[in-house]
Amino acid sequence: MRRSELWRTTTFRLTLVYGAVFAAGVMALLGLIYASAAVFLTQQMDEIVIGQARAFHGVPSSALPEKVREVEIQDVRNVNFYGLFTADGVWIAGNVRRLPKGAPLNGIPRELREPGFQPGARALAERLPSGEILFVGFDAKTLAGLRAIILQSLIWSGALIILLGLGLSAALSLGPLRRIREVQQASLPILDGQLSARLPTSNRRDEIDMLAGIANAMMDEVERLLWAVKSVGDNVAHDLRTPLTRLRALLYRVREEVGVSEAHHGMLDQALSETDALLARFKAIQRISEIDRRERRAGFARVRLHTLVEEIGELYGPLAEEHGLSLLTETEASCEVLADRDLLFEALSNLVGNAVKFTPSGGSIRLRLTRRIEGPQLEITDTGPGVPEDERQAVLERFYRGRQERQAPGSGLGLSIVAAVARLHEFSLVLGDASPGLRVTLDCWPSAIVH
Amino acid sequence: MPRILAIEDDETTAQEIVAELSRRGFDVEWAADGRNGLVRAVSGDFDAVTLDRMLPHVDGLTIVSVMRNTGINVPVLMISALTEVDERVRGLRAGGDDYLTKPFASEEMAARLEVLLRRARIQARETVLRVQDLELDLVTREVRRGGREIALMPTEFKLLEFLMRNSGAVLTRTMIFEAIWGYHFDPGTNLIDVHLSRLRRKVDPPGSEPLIKTIRGSGYALNASF
């Protein structure tokens, strides 16, 4: 399974979005906690500094420096700051040596933004009844600690959410992806024309099952229709063959048994050959259906292709010569392939027969057997008119005859039989350009399905 | 006059068989179902049998097996609507001598039956076949006409051997194709004609009496009297 495929699954994306939303929620929650705590702590600090300042109110002027030293000693956490100044602002006692500038002497706590203090520290300054100036500050060490804790929590939980989210989404996507794979695998034979194959369904009844069910229902219908169409063709061929044969038998008996003139004899012969042509056509239709119906690999055996090629050359040599054509067979190597010998011979016979039929006198036909890496390849090239590119697929279908070929004799089913034989063997049959002429290649190895 | 038994349940087909074979001078009897056919076939009163593959009561394969098991070795031409290759193989394996698929041309059926009858009559294992002044030596693979040697290609030799073994009988193109090349499909008429005309050029040179005859609408015959 490729990683890019995983990224693209809906489950993966959805899980990631859920993860992001969850992370945002966690951040908002922690932010809210911090904000509330900050407000609460500030209030606390304000009350502390007000209370501490108040403790100096009843103290006589002379005892103030001693009191400052006393409270400083009691401050173990080192969060309280005191400064006692004369009415003119000259330092008397305390660990604050200089009165912060611009501090209003109103006794109301405000934020202290001075170097050496944590952000959020609170302080007040006021003039004592005895005239001295008292400065009381409280450093925001608790608030800073809380901030650090919250920040750390955010970082850790964020990392955890991202990791868990990725892991979970990958894990969740794998299951559906595996099933999609199964569906993909199961659909390959269908694409290859094996219409009885169906997509797998589980008993989960999820959306994949729903889609597979719909696809299977459609396949049922396609198969039914196709069989209907096919059997109409076959039945017509079958139903017409018997009366046609009887008609032919009658014509034959008339010719043999009734005394007719030479001229009438000729007409009867013509009628007989027309009937024979019709019969050949119906026979070919039934033949295609018969090949299509066959079990794949039933009757398959090892076939020596080079012998087959030689036989074809020997069978068609005289006919080609009669048409003023040269028929060359080339077998590069001796090749064996698992196939139905009779059908393969019939297919080759049809291909060479076609080449003889359509190549003008003086031309040449070449039947070549070569060994490729994948397996043996048969190639038939001629110097005839070829098949236009837009007709190459169509000529392999039933009854299609090329534009130039309509006048030529034959059932018009030769190539369809070849195509049916190729289908049965899973060989690929390709019509190409031999410039000039037609090049037909039959790859004698199971064709890889590329979609 | 050879006696033929036609076992066939389809009346029209049976009439065709009877008419064609009678016209050729055979004495034909018709059995319309399997049971009746089997009883008459094993009676030993007939020289050859045409046998439908699918029959009511007793099927064609059974009839031919019973015939062979009871020692009735007259030629049997199986006739069947089943065209599959397997069916042909089964028919021949059960003891049939030839297999013809329905629908068929009457002369094809008659030609095949005549060849079967001829084959049954010739018992001797000759090494030299002779038809008039034409000689074919199966051992040395030499062919002579009136003492003059004829050089034949392997296929031409096989073709001539087949014609000579069945001299006097009409051989259809399908029969020739099946016998010489061993395949069972319709190769088109021209293909076989060309091979025959090549052989004829060698066997019947200008000035000699033609031995290979084309029977219009049917096929070929060697040394035919008609």
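Use the structure listed above.
(A) Main features of the overall build of chain A. In terms of regular secondary structure, chain A is built from nine helices and twelve strands. Relative to its full complement of 451 residues, chain A shows a buried share of 43%. Contacts spanning at least 24 positions in sequence make up 63% of the contacts within chain A whose residues lie at least 6 apart. Taken as a whole, chain A presents about 24900 Å² of accessible surface, with 59% of it coming from carbon and sulfur.

(B) Geometry of the side chain of T275 of chain A. Residue and element names in this part refer to chain A. Considering the arrangement of structural elements, one finds T275 in helix α6 (residues 262-293). Engagement of the side chain of T275 in a polar contact is seen with the backbone oxygen of A271, the distance being 2.5 Å. Once you skip the residues sitting within four places of it in the chain, T275 turns out to touch L244, L247, R248 and L251.

(C) Quick look at the packing of aromatic side chains. Summed over all chains, the structure comprises seven aromatic pairs over all chains. Between F177 of chain B and W181 of chain B, the ring centres sit 5.9 Å apart and the planes meet at 35°, which makes this aromatic pair tilted. On the criterion of helical spacing, the pair formed by F177 of chain B and W181 of chain B is a turn pair, its members being four residues apart in helix α7 (residues 173-181). Summarising the burial analysis for this pair, F177 of chain B and W181 of chain B share the class buried. Here F177 of chain B and F185 of chain B contribute two aromatic rings whose centre-to-centre distance is 5.2 Å and whose plane-to-plane angle is 80°, an arrangement assigned as edge-to-face. You'll find F177 of chain B and F185 of chain B in the same group, each marked buried. Members of the aromatic cluster, connected to one another through ring pairs, are F345 of chain A together with F177, W181, Y183 and F185 of chain B. R97 of chain A extends its terminal NZ or CZ atom over the ring of W91 of chain A, reaching a point 4.1 Å from the ring centre.

(D) Structural detail: the sheet that holds strand β8 (residues 143-145) of chain B. All names here are of chain B. Spatial ordering of the open sheet is given by β6-β7-β8-β9, a layout of four strands whose pairing is antiparallel. Each end of this open sheet is capped by a strand with a single partner; those strands are β6 (128-131) and β9 (148-150). Strand-to-strand twist across the sheet, computed as the mean angle between neighbouring axes with direction ignored, equals 25°. Of the strands in this sheet, β6, β7 (134-137) and β8 touch helix α6 (residues 154-165), which is tilted by about 115° from β7.

(E) Region of the structure containing the sheet that holds strand β12 (residues 438-443) of chain A. Residues and elements named next belong to chain A. An order of β7-β9-β10-β12-β11 is seen for the five strands of this open sheet, with the pairing classed as mixed. Lying at the two open borders of the sheet, with one neighbouring strand each, are β7 (326-331) and β11 (428-433). Each adjacent strand pair in this sheet contributes to an overall mean axis angle of 15°, direction not counted. Along the sheet, helix α7 (residues 305-322) contacts β7, β9 (364-371) and β10 (376-382); its crossing angle with β7, the most-contacted strand, is approximately 170°. Sheet strands in contact with helix α8 (residues 341-358) are β7, β9, β10 and β12, and its direction is about 20° off that of β10.

(F) Representation of the nonpolar core in the model. Formed by 92 residues in total, the largest nonpolar core has its most connected members in L305, Y316, L344 and L429 of chain A together with L160 and I176 of chain B. By residue number, the principal contributor to this core is α8 of chain A, which donates nine residues. Setting aside residues up to four positions removed in sequence, L160 of chain B forms contacts with L134, L136, V143, L152, L199 and V203 of chain B. By size, the runner-up hydrophobic cluster in this structure holds 24 residues, among which are L30, Y82, L124 and V136 of chain A.

(G) Geometry of the pattern of salt bridges. Residue and element names in this part refer to chain A. Per the counting criterion, the structure on display carries 47 salt bridges over all chains. Of the charged contacts, one joins E111 and R113 as a salt bridge, the two residues approaching to 3.6 Å between their closest N and O atoms. Within the structure, one salt-bridge network assembled from shared partners comprises E330, R366, R368, E379 and R439.

(H) Main features of the interface of chain B and chain A. In this complex, chain B contributes 34 residues to the contact, which on the side of chain A involves 32 residues. For the pairing of chain B and chain A, the buried interface totals around 2900 Å² over both sides, and the portion due to carbon and sulfur atoms is 51%. Linking chain B with chain A are five salt bridges. A salt bridge links R246 of chain A to E16 of chain B; its shortest N-O distance comes to 3.9 Å. On inspection of chain B and its partner chain A, the count reaches ten residue pairs in polar contact (both at pLDDT 80 or more). Top element by residues in the side of chain B that touches chain A is helix α8 (residues 189-203) of chain B. It accounts for seven residues. Grouping the constituent residues of the side of chain B that touches chain A by class yields twelve nonpolar, ten polar and twelve charged.

(I) Fine view of α6 of chain B. Residues and elements named next belong to chain B. With twelve residues, α6 should reach 16 Å at 1.5 Å per residue; the first-to-last C-alpha distance of 16 Å fits that figure. Across the twelve residues of α6, nine count as buried, placing the element largely inside the fold. Buried within α6 are the following residues: T155, E156, F157, L159, L160, E161, F162, L163 and M164.

Procedures and definitions
- Residues numbered from 1 in each chain as written.
- Chains lettered and ligands numbered in written order.
- Predicted model: local features only at pLDDT ≥ 70, side-chain atom pairs only at ≥ 80, totals over all residues.
- Heavy atoms only, no water.
- Helix = DSSP H or I, 4+ residues; strand = E, 2+ residues; numbered from the N terminus.
- Buried < 20%, exposed > 50% of the residue type's maximum accessible area, 1.4 Å probe, protein only.
- Contact = heavy atoms within 4.5 Å.
- Areas by Shrake-Rupley, 256 points an atom, 1.4 Å probe, with all protein chains shown as cover.
- Polar contact = N/O pair within 3.5 Å; in protein donor to acceptor, adjacent residues only side chain to side chain.
- Phe/Tyr/Trp six-rings, centres within 6.5 Å; stacked < 30°, edge-to-face > 60°.
- Lys NZ or Arg CZ within 6 Å of the ring centre and 35° of its normal.
- Pairing = 2+ DSSP bridges.
- Axes fitted to C-alpha atoms, helices over the stretch in contact; angles between N-to-C directions.
- Core = buried A, V, L, I, M, F, W, Y, C linked by side-chain atoms within 4.5 Å.
- Salt bridge = Lys/Arg side-chain N within 4 Å of Asp/Glu carboxyl O.
- Buried area = accessible area lost by both parts, 1.4 Å probe.
- Nonpolar A, V, L, I, M, F, W, Y, C, P; charged D, E, K, R; others polar.
- Expected span 1.5 Å × (residues − 1).

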